[in-house]
There are 2 protein chains.
Amino acid sequence: MATISDVAKYANVSVSTVSRYLNGKGYVGEKSRKAIEHAIQDLNYVPNEVARSLSTRQSDLIGLIIPDIKNPFFPELARAVEDTAFKYGYTVILCNSDEQLEKERHYMQALTKKYVAGIIITSLFQYESNPISNIPVVALDRPINMDIPTVTTNNIEGAKIGANHLIDCGATKLLYMKGPVNITSSEERLEGYLQAIQGKGIESHLIESPFEFDAAEAIAFEYLQKNPSINGIFASSDASAIGAMKAALRLNKKVPEDLQIVGFDGIQIGNVVTPTLTTVAQNIYELGETATEMLIQQIEGKTLPCTSVHINPQLIERDTTKKEHKR
Amino acid sequence: MATISDVAKYANVSVSTVSRYLNGKGYVGEKSRKAIEHAIQDLNYVPNEVARSLSTRQSDLIGLIIPDIKNPFFPELARAVEDTAFKYGYTVILCNSDEQLEKERHYMQALTKKYVAGIIITSLFQYESNPISNIPVVALDRPINMDIPTVTTNNIEGAKIGANHLIDCGATKLLYMKGPVNITSSEERLEGYLQAIQGKGIESHLIESPFEFDAAEAIAFEYLQKNPSINGIFASSDASAIGAMKAALRLNKKVPEDLQIVGFDGIQIGNVVTPTLTTVAQNIYELGETATEMLIQQIEGKTLPCTSVHINPQLIERDTTKKEHKR
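Residues numbered from 1 in each chain as written. Chains lettered and ligands numbered in written order. Predicted model: local features only at pLDDT ≥ 70, side-chain atom pairs only at ≥ 80, totals over all residues. Heavy atoms only, no water.

Asker: Which residues make up the overall build of chain A, and what are the values?
Answerer: Helix and strand counts for chain A stand at 11 helices and 12 strands. Relative to its length of 327 residues, chain A is extended, with a C-alpha radius of gyration of 25 Å against a globular reference of 20 Å. In chain A, which comprises 327 residues, the share counted as buried stands at 56%. Sequence-distant contacts in chain A: of pairs separated by 6 or more residues, those separated by 24 or more amount to 68%. A total of about 13500 Å² of accessible surface is found on chain A, and carbon and sulfur atoms cover 49% of it. A gap of 3 Å separates the mean positions of the 32 positive and 39 negative side-chain charges of chain A. (Helix = DSSP H or I, 4+ residues; strand = E, 2+ residues; numbered from the N terminus. Rg over C-alpha atoms; globule rule 2.2 N^0.38 Å. Buried < 20%, exposed > 50% of the residue type's maximum accessible area, 1.4 Å probe, protein only. Contact = heavy atoms within 4.5 Å. Areas by Shrake-Rupley, 256 points an atom, 1.4 Å probe, with all protein chains shown as cover. Lys, Arg positive; Asp, Glu negative; His and termini not counted. Charge placed at Lys NZ, Arg CZ, Asp CG, Glu CD.)

Here it is in structure tokens:
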């Protein structure tokens, strides 16, 4: 089997040039690059990576399984994962599961066969055990199993912050737009909201809405039409908050004068709509970065200091709420 | 070396069950799955994929190099690439280049070492030749070299459609917000715009703006303040169109009554802002799907019917323009 020295000799370059080429680090001129590529081909030289994954049964690939990269929450998350992976010398395989268990399982098996070093997954489902033996997994945004390291936003705390802000800005009749039933973060946010309003004499309405603009608009429109005295909406996602803003506009309600609105997520679009959306912003980048670092620590055999990390969200006050007045 | 039959015997399941497990197709029960995984580990069995990539020097991995998944144009593109790859049995490695040549080259070398079967790239740069010998490449959204198969939007035609729509809706004093100089699509759109207004007695202003909300808002604000008679803006991206909308709002200009605005791209956010944005929508999903199919055809040794595909964009009339009146 050809060695790196054979390649260097054949290509008439130094071993360190071949090494730079193979590691993708440092400068390799166009001419040398071509010569090395020819040498590799002619000598049937096997660069380290694939050969190494065959012997160690581990590559430097990380699988990222998310519901849908088109959902505005995930591009920033995926970017953080890729940036962090890149920093540590790993590359990322992107998989969209569409929240289908079968597709998730298919991807997990497919990734296993590629000897991925680890998997980061955002899943709707609860797994009985680590879904893949011997491969480190980190659950991101939503826990999937008690034994699997998890990175989520502190949703309960976030919902308290959002609800308290609405109340401090003078809203007294609140509509809480909760998310789908089976999503943990959605249940946690509801819990935080209920804790926040307790004992404060707030009139509270509760509806369920998917995390989608159009569906949320239709649901909010119908509810606001029947309950015109509502003067504050706390939506458990920015997408539903923006849907509610559109419903308010169609009903000729002024935001924030007649109706104050707070979202949850902190996606870019909230800063682009008019008025700009007050929201409980998750630290999306930090979520992705932390999950990737926790995964790489496991891959490299290090002990995690803790297996469940809750990252605090932060209120961003914009124009869909009035100024807080001290009470 | 262990064979698939050894694994089946050791795990006490049928060969076809092991095969289903290895191919990730069809049902494999939890108990059998675990038994197979143990057998694979104990017998040191090498599933086909990595072994095959070692012998054929080709995997079923496709590299996707894009500037930034956070740019709202790319999630839908990435989704289309991943969907199409999945359909044909390939998986996608996501790489964000930040439009840095060095990062692009690094990824290309890294992907080559993983024996990727092919690469789809959206790059700012012109490459002298196929950047990677022996690996099929498709240029997406922007051409990188005459010899490399390319999928782009028909930008000239799209810009004509957008400019003509503004004129047909009664705008007479147009501001064209062109994109950065070195992007081909940006130059093509300018060409289409100039062709459309020629000989129509239109007063035309031209400024350059990056494809970013905030920068575009600042640039449009300053220009509109100095040139208050402008009654139509054609922005070469939705991001700059939305920036211009915010500038108009700050200047108390009513859209579309005082100022009509047309964007280019068709990203989701254009349908969420108020008023909703009239735009020349690229068929983003079809761009990604076509590029992936062209790449896979090359990977599988088929001849491409044509190497340069221009996909027609389509006008979406929303609320930032008045209705067209026949002239």
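Asker: Could you give me a rundown of the sheet that holds strand S3 (residues 118-121) of chain A, with the residues and numbers involved?
Answerer: Read across the sheet, 12 strands follow the order S11(A)-S5(A)-S4(A)-S3(A)-S1(A)-S2(A)-S2(B)-S1(B)-S3(B)-S4(B)-S5(B)-S11(B) without closing on themselves; strand pairing throughout is mixed. With partners counted over all chains shown, the strands left at the sheet margins are strand S11 (308-311) of chain A together with strand S11 (308-311) of chain B, one partner each. Geometrically, the sheet is characterised by an average inter-axis angle of 20° between neighbouring strands, direction not taken into account. Bridge analysis of strand S4 (residues 137-140) of chain A against strand S5 (residues 150-153) of chain A gives two bridges, and the strand direction is parallel. Opposite A:Leu140, over in S5(A), you have A:Val151 as the bridge partner. (Pairing = 2+ DSSP bridges. Axes fitted to C-alpha atoms, helices over the stretch in contact; angles between N-to-C directions.)

Asker: Could you give an account of the side chain of A:Glu217, naming the residues involved and the relevant values?
Answerer: All names here are of chain A. Residue position: Glu 217 is located in helix H9 (residues 213-226). The buried category is assigned to Glu 217, whose relative accessible area is 15%. Look past the residues within four positions of Glu 217 in its chain and what remains in contact with it is Gly 243, Lys 246, Ala 247 and Arg 250.

Asker: How would you explain the relation of the copies chain B and chain A if you had to name every residue and give the values?
Answerer: In screw terms, the move from chain B to chain A is a rotation of 180° and a rise of 0.0 Å along the axis, fitting with an RMSD of 0.1 Å. Both copies are brought into coincidence by an operation consistent with a two-fold rotation axis. Nearest to the rotation axis, the C-alpha of B:Ile93 is located 2.1 Å from it, this being the minimum over chain B. A shared interface surface links the copies, since 100% of the contact residues of chain B are contact residues in chain A too. (Least-squares fit on C-alpha atoms with pLDDT ≥ 70 in both.)

Asker: I'd like to hear about the pattern of salt bridges, residue by residue, with values.
Answerer: Scanning the model with the defined rule gives 30 salt bridges over all chains in all. For B:Asp68, the salt bridge identified is with A:Arg79, shortest N-O distance 3.0 Å. Of this pair, B:Asp68 sits in the loop between strand S1 (61-66) and helix H5 (74-87) while A:Arg79 sits in helix H5 (residues 74-87), each in a different chain. Across the pair, exposure class does not vary: B:Asp68 and A:Arg79 are buried alike. (Salt bridge = Lys/Arg side-chain N within 4 Å of Asp/Glu carboxyl O.)

Asker: Talk me through the nonpolar core; I want residue IDs and the actual numbers.
Answerer: Among the nonpolar cores identified, the biggest contains 108 residues, and A:Met177, A:Ile233, A:Ile261, B:Met177, B:Ile233 and B:Ile261 are the most heavily contacted of them. Look past the residues within four positions of B:Ile233 in its chain and what remains in contact with it is B:Leu166, B:Leu175, B:Met177, B:Leu224, B:Ala244, B:Leu259, B:Gln260, B:Ile261 and B:Val262. Grouped together as the second largest cluster of nonpolar side chains are 34 residues, A:Cys95, A:Tyr127, A:Ala139 and B:Leu61 included. (Core = buried A, V, L, I, M, F, W, Y, C linked by side-chain atoms within 4.5 Å.)

Asker: Which residues make up the sheet that holds strand S12 (residues 314-316) of chain A, and what values do they have?
Answerer: Residue and element names in this part refer to chain A. Taken in spatial order, the six strands of this open sheet run S7-S6-S8-S9-S10-S12, and their pairing is mixed. Bordering the open sheet on either side are strand S7 (203-208) and S12, each of which pairs with just one other strand. Neighbour-to-neighbour, the strand axes of the sheet open up by a mean angle of 20°, direction not taken into account. Pairing of strand S9 (residues 260-265) with strand S10 (residues 278-281) involves four bridges; the strand directions are parallel. Of the residues in S10, the one forming a bridge with Val 262 is Thr 278. Strand contacts of H9: strand S6 (173-178), S7 and strand S8 (232-235), with the helix running at about 145° to S7, the strand carrying the most contacts.

Asker: A description of the packing of aromatic side chains should follow, citing residues and the corresponding values.
Answerer: In total, this model carries 10 aromatic pairs over all chains according to the counting rule given. Where A:Phe73 meets A:Phe74, the ring centres are 5.3 Å apart and the plane angle is 85°; that geometry is what we call edge-to-face. You'll find A:Phe73 and A:Phe74 in the same group, each marked buried. With a centroid separation of 6.4 Å and 55° between ring planes, the pair formed by B:Tyr193 and B:Phe234 is classed as tilted. Remark: B:Phe234 occurs in strand S8 (residues 232-235) and B:Tyr193 occurs in helix H8 (residues 184-197); sequence separation between them is 41 residues. The pair formed by B:Tyr193 and B:Phe234 is uniform in burial state, with each residue classed as buried. Above the plane of the ring of B:Phe86 lies A:Lys103, whose end atom (NZ or CZ) is 5.0 Å from the centre. The positively charged end of B:Arg250 is found above the aromatic ring belonging to B:Phe221, 3.8 Å away from the centroid. (Phe/Tyr/Trp six-rings, centres within 6.5 Å; stacked < 30°, edge-to-face > 60°. Lys NZ or Arg CZ within 6 Å of the ring centre and 35° of its normal.)

Asker: Account for the interface of chain B and chain A, naming residues and giving values.
Answerer: With 64 residues of chain B at the interface, the matching set in chain A holds 64 residues. Of the roughly 5900 Å² buried between chain B and chain A on both sides combined, carbon and sulfur atoms contribute 54%. Where B:Asp98 meets A:Arg79, a salt bridge forms, and the shortest distance between an N and an O atom there is 2.7 Å. If you look at where chain B meets chain A, you find 12 residue pairs in polar contact (both at pLDDT 80 or more). Going through the elements one at a time, helix H2 (15-23), helix H3 (30-43), helix H4 (48-56), H5, strand S2 (91-96), helix H6 (101-113) and helix H10 (238-250) of chain B are the ones with two or more residues in the side of chain B that touches chain A. The leading source of residues in the side of chain B that touches chain A is H6(B), at seven residues. (Buried area = accessible area lost by both parts, 1.4 Å probe. Polar contact = N/O pair within 3.5 Å; in protein donor to acceptor, adjacent residues only side chain to side chain.)

Asker: So, the domain arrangement of chain A: which residues are in play, and what are the values?
Answerer: By domain assignment, chain A separates into domain 1 (4-46), domain 2 (56-153 + 284-311) and domain 3 (155-282). Distance from the C-alpha centre of domain 1 of chain A to the C-alpha centre of domain 3 of chain A: 59 Å. (Domains from an automatic or database assignment.)

Asker: Go over the environment of B:Thr122, please, and point to the residues and values.
Answerer: All names here are of chain B. Within the secondary structure, Thr 122 is located in the loop between strand S3 (118-121) and strand S4 (137-140). Separated by 82 residues in sequence, Thr 122 and Ile 40 place their C-alpha atoms 40 Å apart. Here Thr 122 is in contact with Ile 65, Ile 66, Pro 67, Phe 74, Leu 77, Glu 104, Leu 140, Asp 141 and Arg 142, once residues within four sequence places are set aside. Side-chain polar atoms of Thr 122 contact the backbone oxygen of Leu 140, separated by 3.0 Å.

Asker: Account for the side chain of A:Arg142, naming residues and giving values.
Answerer: Residue and element names in this part refer to chain A. Along the chain, Arg 142 falls in the loop between S4 and S5. Engagement of the side chain of Arg 142 in a polar contact is seen with the side chain of Glu 99, the distance being 3.0 Å. Apart from the residues within four sequence positions on either side, Arg 142 is in contact with Pro 67, Glu 99, Thr 122, Ser 123, Leu 124, Thr 150, Thr 152 and Ile 183.

Asker: Account for H8(B), naming residues and giving values.
Answerer: Think of an α-helix as turning once every 3.6 residues; residues three or four places apart then point the same way. Residue and element names in this part refer to chain B. In this model H8 runs 20 Å from its N-terminal to its C-terminal C-alpha over 14 residues, within 8% of the 20 Å that 1.5 Å per residue would give. Where H8 is concerned, the buried positions are Ser 185, Ser 186, Arg 189, Leu 190, Gly 192, Tyr 193, Ala 196 and Ile 197. With its buried residues spanning 165° around the axis, H8 presents them on a single face. Buried-residue contacts for H8 involve helix H7 (155-168), strand S6 (173-178), strand S7 (203-208), S8 and strand S9 (260-265). (Expected span 1.5 Å × (residues − 1). Arc of directions from axis to C-beta.)

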